[in-house]
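Chain by chain, the residues:
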Amino acid sequence: MKSILRLMLSPSGRIGRKGFWLGFAGLTAFCLVLNVLLGQVTEQGALEFWLGLGGFFLFFQIFYAVYGKRLHDMGRTFWPITACFFGTILILIAGMLIFGGAEYFSEFSQYDRKDIIDPSRRDAITEAFKPKLSRSEAVLGPILSGLWLGFTLWVGVSKSEPKENNYGPSS
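The shown structure was predicted, so the numbers you read here are calculated from the model rather than taken from an experiment.

Some words on the packing of helix α2 (residues 17-40) against helix α6 (residues 119-157)
To characterise two packed helices, one gives the angle between the axes of the helices and the distance between these axes.
Here comes step 1: One way to put it is that α2 packs onto α6 with a least axis distance of 8 Å and a crossing angle of 140°. Classified by the interaxial angle, the pair formed by α2 and α6 is oblique. Where α2 approaches α6, its residues Arg17, Phe20, Trp21 and Phe24 are matched on the opposing element by Thr152, Leu153, Val155, Gly156 and Val157.
Here comes step 2: Considering only residue class, the contact of α2 with α6 consists of 6 nonpolar, 2 polar and 1 charged.

Structural data, given as structure tokens:
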């Protein structure tokens, strides 16, 4: 149990390919359990909020621990992980701009934040932009999936540094 917690929560040290795939399986299981729990507490206000917030931060801790230790085993820093996260954000922003997200928000910006928008007008705006926004999912989904799948495969199958490096002895 102690080694599983160390694998999943401690970003220091190194892990080999087998340890990485075990950690990846644990991260996947964590995400599935969190989704089931969040699905069970829907519309329960504070519980849903705190569970989601805690799960969000715990996901990043596990993610950085598992991927980071594997990168350390390859002799690399955490920067590739951070670069992928920023790349994801940039792709999402570009997608929003390309597929009408800016125009969608512009339609709502004509109202003051204290204004009550007529529900029929709000629904009409949403319906008008729904086809554009749904096309973005069809384009951006495969791009982002490919980015993270490629990154995961690179981290998971790359060779370890056989000797001790800046991050500790070989695993």
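Additional details are given in the paragraphs that follow.
Thoughts on the packing of α2 against helix α3 (residues 46-73)
Here comes step 1: Across the interface, α2 lies against α3 with an axial gap of 10 Å and an inter-helix angle of 170°. Regarding the angle of α2 to α3, the classification is roughly antiparallel. Side by side, α2 and α3 meet where Arg17, Phe20, Gly23, Phe24, Leu27, Phe30, Cys31, Leu34, Leu37 and Leu38 of the first sit next to Glu48, Leu51, Gly52, Gly55, Leu58, Phe59, Ile62, Phe63, Val66, Tyr67 and Arg70 of the second.
Here comes step 2: Residues belonging to the contact of α2 with α3 are distributed by class as follows: 15 nonpolar, 3 polar and 3 charged.

Thoughts on the nonpolar core
A general feature of soluble globular proteins is that nonpolar side chains tend to end up buried together.
Here comes step 1: Tyr67 and Phe151 are the most contacted members of the largest nonpolar core, which totals 18 residues.
Here comes step 2: Secondary structure elements with two or more residues in this core: α1 (2-9), α2, α3, α4 (79-98) and α6.
Here comes step 3: Per-element accounting of this core gives the leading share, 5 residues, to α3.

A short note on the packing of aromatic side chains
Here comes step 1: One pass over the full model with this rule turns up 20 aromatic pairs.
Here comes step 2: With centroids separated by 4.1 Å and ring planes inclined at 20°, the aromatic side chains of phenylalanine 63 and tyrosine 67 adopt a geometry described as stacked. On the criterion of helical spacing, the pair formed by phenylalanine 63 and tyrosine 67 is a turn pair, its members being 4 residues apart in helix α3.
Here comes step 3: Looking at tyrosine 67, the relative accessible area reads 1%, which means it is buried.

How each quantity is defined
- Residues numbered from 1 in each chain as written.
- Predicted model: local features only at pLDDT ≥ 70, side-chain atom pairs only at ≥ 80, totals over all residues.
- Heavy atoms only, no water.
- Axes fitted to C-alpha atoms, helices over the stretch in contact; angles between N-to-C directions.
- Helix = DSSP H or I, 4+ residues; strand = E, 2+ residues; numbered from the N terminus.
- Parallel < 35°, antiparallel > 145°, perpendicular 65-115°, else oblique.
- Contact = heavy atoms within 4.5 Å.
- Nonpolar A, V, L, I, M, F, W, Y, C, P; charged D, E, K, R; others polar.
- Core = buried A, V, L, I, M, F, W, Y, C linked by side-chain atoms within 4.5 Å.
- Buried < 20%, exposed > 50% of the residue type's maximum accessible area, 1.4 Å probe, protein only.
- Phe/Tyr/Trp six-rings, centres within 6.5 Å; stacked < 30°, edge-to-face > 60°.

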